[in-house]
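# Fold and geometry: a report
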Amino acid sequence: MKPYLLSVGVGLLVGVIYSLLGVRSPAPPAIALLGLLGILLGEQAVPIAKRLLTKPPAVAYLKAPGRADQTPDDQP
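From a predicted model like this one, the values you see are computed outputs, not experimental measurements.

With that settled, consider the overall build of the protein chain. Broken down by element type, the protein chain carries 3 helices and 0 strands. Ordering the α and β elements of the protein chain from the N terminus gives α-α-α. The 76 residues of the protein chain split such that 0% are buried.

Written as structure tokens, this is what we have:
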């Protein structure tokens, strides 16, 4: 949460400085926000694609490690 608050704070500070200097932002706000959205989607797309391409079988999630050799009689 701290990095997000820091990012918003720095963004506000830069906005105030731009306003005091009478400078417009380098990109129109809508274009800048769409560019940031593209960056965020791109960051999320790569891990999702890797997970989908290297999907382990569902049975791997059902087996408990170290329990395969126990029989129902061995359980407490």
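For the rest of this paragraph, the subject is helix H1 (residues 2–21). Working note: α-helix, 3.6 residues per turn, so residues spaced by three or four point in the same direction. Its 20 residues place the ends of H1 29 Å apart at the C-alpha level, agreeing with the 28 Å of an ideal helix rising 1.5 Å per residue. Of all 20 residues making up H1, only 0 are buried, and the element is barely covered by its neighbours. The positive-phi residue at the C-terminal boundary of H1 is Gly-22, with phi of around 75°.

A few words on the confidence of the model for the protein chain. Looking at the protein chain as a whole, its pLDDT mean stands at 77, while 71% of the residues score no less than 70. For the protein chain, helix H3 (residues 59–62) is the element with the lowest average pLDDT, namely 59, and H1 is the one with the highest, namely 87.

Next up on the list: a nonpolar patch on the surface. A contiguous nonpolar patch, built from Leu-13, Ile-17, Leu-21 and Val-23 and spanning about 380 Å² of accessible area, is present on the exposed surface. Here Ile-17 lies in helix H1.

Cut-offs applied
Residues numbered from 1 in each chain as written. Predicted model: local features only at pLDDT ≥ 70, side-chain atom pairs only at ≥ 80, totals over all residues. Heavy atoms only, no water. Helix = DSSP H or I, 4+ residues; strand = E, 2+ residues; numbered from the N terminus. Buried < 20%, exposed > 50% of the residue type's maximum accessible area, 1.4 Å probe, protein only. Expected span 1.5 Å × (residues − 1). pLDDT = per-residue confidence, 0-100. Patch = residues over 30% accessible without salt bridge, like charges linked within 9 Å, V, L, I, M, F, W, Y side chains within 5 Å. Areas by Shrake-Rupley, 256 points an atom, 1.4 Å probe, with all protein chains shown as cover. Salt bridge = Lys/Arg side-chain N within 4 Å of Asp/Glu carboxyl O.

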